[in-house]
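Close look at the chain arrangement
Okay, here's what each chain looks like letter by letter:
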Amino acid sequence: MIISSIQNPKIKYYKNLAESKERRKNKHFIVEGIREISLALKKKWKIHTLFLCEEIYKPDDSYPITIQNTPIISITPTVFAKIAYRENSQGVAAIFEYPSWNISHIPIASKKLLYLVLENIEKPGNIGALFRTADAAGVDGIFISDEQTDILNPNAIRSSMGCVFTVPFVIESQKKIYTFLKEKNITIFTTDLKANNLYTQCNLKENIALVFGSEAEGISSFWKKNADKTIKIQMMGEIDSLNVSVSASIIIYEALRQRNSNYV
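Just so it is clear, the structure is predicted and the values come from calculations on it, not from any experiment. (Residues numbered from 1 in each chain as written. Predicted model: local features only at pLDDT ≥ 70, side-chain atom pairs only at ≥ 80, totals over all residues. Heavy atoms only, no water.)

1. Here we look at the overall build of the protein
Looking only at helices and strands, the protein has nine helices and 12 strands in total. Its C-alpha atoms give the protein a radius of gyration of 20 Å, near enough to 18 Å, the size a compact globule of 264 residues would have. Projected onto the principal axes, the alpha-carbon positions of the protein cover approximately 65 × 35 × 35 Å. The burial tally for the protein puts 50% of its 264 residues in the buried class. For the protein, restricting intrachain contacts to residue pairs at least 6 apart in sequence, the fraction spanning at least 24 positions comes to 79%. A total of about 13,800 Å² of accessible surface is found on the protein, and carbon and sulfur atoms cover 47% of it. Charge centroids of the protein, computed over 33 positive and 27 negative side chains, lie 3 Å from each other. (Helix = DSSP H or I, 4+ residues; strand = E, 2+ residues; numbered from the N terminus. Rg over C-alpha atoms; globule rule 2.2 N^0.38 Å. Buried < 20%, exposed > 50% of the residue type's maximum accessible area, 1.4 Å probe, protein only. Contact = heavy atoms within 4.5 Å. Areas by Shrake-Rupley, 256 points an atom, 1.4 Å probe, with all protein chains shown as cover. Lys, Arg positive; Asp, Glu negative; His and termini not counted. Charge placed at Lys NZ, Arg CZ, Asp CG, Glu CD.)

2. As for empty space enclosed by the protein
Enumeration according to the criterion identifies one cavity of 30 Å³ or more in this entry. In this structure, the largest cavity occupies an estimated 80 Å³ of space. Every residue lining the largest cavity is listed: Ile30, Val31, Glu32, Glu36, Tyr85, Arg86, Pro154, Ile157 and Arg158. Contributing elements (two or more residues each) for the lining of the largest cavity: strand E2 (28-32) and helix H6 (154-159). Class assignment of the residues belonging to the lining of the largest cavity gives a composition of five nonpolar, no polar and four charged. (1 Å grid on protein atoms, 1.4 Å probe; cavity = no way out; pocket = protein on both sides within 12 Å on 5 of 7 lines; lining within 4 Å. Points joined across faces, edges and corners; volume = space filled by probe spheres on them. Nonpolar A, V, L, I, M, F, W, Y, C, P; charged D, E, K, R; others polar.)

3. As for the packing of aromatic side chains
Aromatic ring pairs are defined here through the distance separating the ring centres and the angle between the ring planes. In total, this model carries 16 aromatic pairs according to the counting rule given. Aromatic side chains phenylalanine 143 and phenylalanine 180 sit 5.4 Å apart centroid to centroid with 55 degrees between the ring planes, which places their arrangement in the tilted category. Linking phenylalanine 143 in strand E7 (residues 141-144) with phenylalanine 180 in helix H7 (residues 174-183), this pair joins segments that are 37 residues apart in sequence. The class for phenylalanine 180 is buried, based on a relative accessible area of 8%. (Phe/Tyr/Trp six-rings, centres within 6.5 Å; stacked < 30°, edge-to-face > 60°.)

4. Looking at the layout of surface pockets
Size it by volume and the largest pocket reaches roughly 620 Å³. Around the largest pocket, the lining is made up of 24 residues, and of these Thr191, Asp192, Leu193, Gly218 and Ser241 lie nearest the centre. Elements with a minimum of two residues in the lining of the largest pocket: strand E9 (187-191), strand E11 (208-212), strand E12 (229-232) and helix H9 (244-259).

Okay, structure coming up:
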């Protein structure tokens, strides 16, 4: 059977999941595109339903989609065009189940650790860019210290190119994150234009967590008070701030530079 009507209950349910309140209520979220679905499956995220438009879909050997015991719903190109949240979704879309957030899932490797703590990052594009950088740089895990941050927003998933599935993350309270970091002897860094030290003047080789907040409000007083060290990125022009994903990338890659060189 091929669904050809957008009034079908399964199609309506999928479309409703574009809204944050529906995702949170039903504990389901949507993923579109071959790479994104493949990465989610590879990392053992639990799929609920797969929607497939066979007239559009072309398998990609680099990103296989292999599922078992999961409903596959065939739909027409017209219906797919109506439900697709993004362009170029390649004829495949899926509903996945929310994971159970658990701070114990954050890896604790034997090597020097590099974590991110994100607070009040509202723009999906910034969330996605932060996860892409974290994936590229081999960040060990991301802590979300604000339950309102919508990590599983379709735009965040798209802009991350599926990296929200490849980088371990957890949504937890400030206090629980702080306790975890202190128990693991992680040095907490924040950024501030008034800081005395440039990011290049600090030792980023140790076990560290870099805290970043929204561009509009920055980080909360909690993280300012509990940070071990405060650093800054030198601003040479007229403006006094950078996009949060750019700031994070600069400091993350400085940490990698130090760890992969004879930096003293």
